Amino acid sequence: MIHIENLTKYYRDFCAVDHLNIDIDRGEIVGLLGPNGAGKTTTLKMLTGYFSPTEGDVRIKDISMSEKPLEIKKMIGYLPESAPFYHEMLVYDYLLYVSEIRGIPANKRFDRLWYLSDLCGLKGIMHKPIGELSKGLNQRVGLAHAMMGDPDILILDEPTQGLDPNQIVEIRNLIKKISKEKTIIFSTHILSEAEATCNRIIIINRGKIVADGKKDEIKEAAGNTTSLHLTLTNANPEDVLRELKTVDGVDHVRIERQLDESTVSVIITYPSTVDLRKAVYLKIKSMDWIVLNFYQEKQTLESIFHNLTLGSYKEN
Amino acid sequence: MRQFVSILKKELADYFFSPIAYIVIVIFLFVTGWLFFSTFFLFNQASMRNFFSLLPIIFSFVMPAITMRLFSEELRQGSYELLITLPLTHRNIIVGKFAAAVAMTVAMLLPTVLYPITISFMGDLDWGPVIGGYMGAVLLGGTFCAVGLFASSLTKNQIVAFIVSTLICISITLINEMLFFFPTQVLDVVQYLSADFHFRNISKGIVDSRDLIYFVSVIFISLYATRLSLAHKE
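Residues numbered from 1 in each chain as written. Chains lettered and ligands numbered in written order. Predicted model: local features only at pLDDT ≥ 70, side-chain atom pairs only at ≥ 80, totals over all residues.

1. So, the domain arrangement of chain A
Now for step 1: Each domain of chain A was delimited in the assignment, giving domain 1 (2–221) and domain 2 (225–298).
Now for step 2: For domain 1 of chain A versus domain 2 of chain A, the distance between C-alpha centres works out to 45 Å. (Domains from an automatic or database assignment.)

This is the structure in structure tokens:
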């Protein structure tokens, strides 16, 4: 449905987006992840036709952005970062204005407004000037704006940024609710966000794709490991290392921190296909060590993201 | 066409639902009324000529004030991005905003129609130059609006937009008074560039195609420059 080909954007000498190639099918919810300045927003702005790419093209349903931008803009609903609107306009007037531009026939405009105000929870604030709304409400007006023309594709740039936890859940549910019949692309740097809503994740770093796939696929590609965090006292570090390595199935043992002479924190890693908690516990029991801490951690998107994008921070 | 009307309606609503329109209209009427009628009875002539001769200078300040926010504000608050990502062409947007500014000019001139009506009771008013004068005033206003729109598309800062367009408008108005600085060879060219010169011709009641072409081409060039300046931002 969406075909991004060699998309490149230079700001003078700086390459913000570097030859991106992405294909997105109908009905996918794609989360675009990356650290700040990775090129997420630039990519989305080129998708919506606001920026023209230095090189490459976007094709939607086989229509090229460079040839027929107007046709493509009709198919896309866009919520920019921080949803900038006309502060002095009333919510109702603004949405009516958008519905006129979107070409909704006059006799259906009111129904459409009613439906969207219900869906986005705007009924109580239709008479208020946009400038007086809170951030969360502003964002919801933005969603109504994006969905006005009933577009096939929704592009949301950091839809939950600056919202409180309750509002984040609300927006997330809203996205899920509308995702049934639409293709959604959104950018975020909050990982739990992407994990909770998307069925496909694309991680970009410095304008390049570093990971692309379903949540589980990405985890698998990054090496699917589980780590077990232990804090032991009444134990000699060398003994701990030596003994724990003898447990069947352990890949790696390392001392995370030595707290005092006889107390250590240890991380044991092993494939996530097995569960070694029982074996490790039996080993500890046999050694007369005292357990202060014992918990298992599956590899999270956070740690994958961290590994894939950390280089850019170090160099900066 | 439909989108053009939506933009026009929205911009007009912005003018008239906020104090801008009323403040500008009141100031315009006050200044022109006072300057015109304070000398009107001294001349003892039933003519609107002095009123129209005021317009180029006054429009040079009023039109930039009307148009300065049209693009600057959108660029500053970021709503320009929304506008561009809606299914609108640049032509829709630019012509819509321009038409709103021209409509505002007409709304501003409308109350002054009372002047010639009043004068016609006092003496024998020749309506030819009056009609020509109003035609010229709308063309002149439109030209300055187009220049103002261009200046507004250059910057996020409304004050800068105002100063730039005032400078351009004042220059093409006053250049007609500064002809003695120029060598005789280029005199005709310089005079042709002056908005004041063409406006004077029309307000005498003589509608000449050269004057019409001047105004229409300045409007066209300014709107096209606006298009280029906006394209540069993307």
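2. Some points on the pairing of strand E6 (residues 76–79) of chain A
All names here are of chain A.
Now for step 1: Alternating positions in E6 separate into two faces, Ile76 and Tyr78 on one and Gly77 and Leu79 on the other, with burial throughout.
Now for step 2: Here E6 pairs with strand E7 (residues 153–157) via 4 bridges, running parallel. Bridge pairing in E7 links Ile76 to Ile153. (Buried ≥ 20, exposed ≤ 12 C-beta atoms within 10 Å, placed from the backbone. Helix = DSSP H or I, 4+ residues; strand = E, 2+ residues; numbered from the N terminus. Pairing = 2+ DSSP bridges.)

3. Description of the environment of Glu5 of chain A
All names here are of chain A.
Now for step 1: Among the structural elements, Glu5 can be located in strand E1 (residues 2–11).
Now for step 2: With 229 residues separating them in the primary sequence, Glu5 and Asn234 have C-alpha atoms 60 Å apart.
Now for step 3: What Glu5 contacts, discounting residues up to four positions off in sequence, is Asn21, Gly56, Asp57 and Arg59. (Contact = placed C-beta atoms within 7 Å.)

4. Things to note about the sheet that holds strand E13 (residues 263–271) of chain A
Residue and element names in this part refer to chain A.
Now for step 1: Strand order across the open sheet formed by 4 strands is E12-E13-E11-E14, with antiparallel pairing between neighbours. Taken across any chain shown, the strands that pair with only one partner, and hence form the sheet edges, are strand E12 (252–260) and strand E14 (290–298). Along the sheet, successive strands turn relative to each other by an average axial angle of 15°, direction set aside.
Now for step 2: Sheet topology note: the strand E11 (residues 225–233)/E14 ladder contains 8 bridges and is antiparallel. (Axes fitted to C-alpha atoms, helices over the stretch in contact; angles between N-to-C directions.)

5. Overview of the sheet that holds strand E8 (residues 183–188) of chain A
Residues and elements named next belong to chain A.
Now for step 1: Taken in spatial order, the 6 strands make up an open sheet running E6-E7-E8-E3-E9-E10, and their pairing is mixed. Since the sheet does not close on itself, it has two edges, and those belong to E6 and strand E10 (208–213), each with one partner. In this sheet, adjacent strand axes meet at a mean angle of 15° when their direction is disregarded.

6. Brief notes about helix H1 (residues 2–16) of chain B
Now for step 1: The end-to-end C-alpha distance of H1 of chain B is 21 Å, a good match for the 21 Å that 15 residues give at a rise of 1.5 Å each.
Now for step 2: Where H1 of chain B is concerned, the buried positions are Ser6, Ile7, Leu8, Lys10, Glu11 and Tyr15 of chain B.
Now for step 3: Next to the buried residues of H1 of chain B lie helix H3 (91–101) of chain A together with helix H2 (20–43) and helix H6 (90–109) of chain B. (Expected span 1.5 Å × (residues − 1).)

7. Describing the confidence of the model for chain B
All names here are of chain B.
Now for step 1: Summing up the model confidence of chain B, the mean pLDDT is 91 and the portion of residues at 70 or higher is 100%.
Now for step 2: Within chain B, the lowest mean pLDDT, 88, falls on helix H10 (residues 187–193), and the highest, 95, falls on helix H9 (residues 158–174).
Now for step 3: Across the assembled chains, the prediction reports ipTM 0.86 with pTM 0.84. (pLDDT = per-residue confidence, 0-100.)

8. Points about the interface of chain A and chain B
Now for step 1: Between chain A and chain B, the residue contacts involve 19 residues of the former and 17 residues of the latter.
Now for step 2: Contributing elements (two or more residues each) for the side of chain A that touches chain B: helix H2 (69–75) and H3 of chain A.
Now for step 3: Tallied by class, residues from the side of chain A that touches chain B come to 10 nonpolar, 5 polar and 4 charged. (Nonpolar A, V, L, I, M, F, W, Y, C, P; charged D, E, K, R; others polar.)

9. A closer look at the pairing of strand E3 (residues 29–33) of chain A
All names here are of chain A.
Now for step 1: Counting buried positions along E3 yields 5 of 5 residues, so the element is predominantly enclosed.
Now for step 2: Along E3, one buried face is formed by Ile29, Gly31 and Leu33 and the opposite face, lined by Val30 and Leu32, is buried too.
Now for step 3: Two elements, E3 and E8, share 5 bridges in a ladder whose sense is parallel. Across the sheet, residue Gly31 finds its bridge partner in E8, namely Phe186.
Now for step 4: Bridge analysis of E3 against strand E9 (residues 200–205) gives 4 bridges, and the strand direction is parallel. Within E9, the position partnered with Gly31 by the bridge is Ile201.

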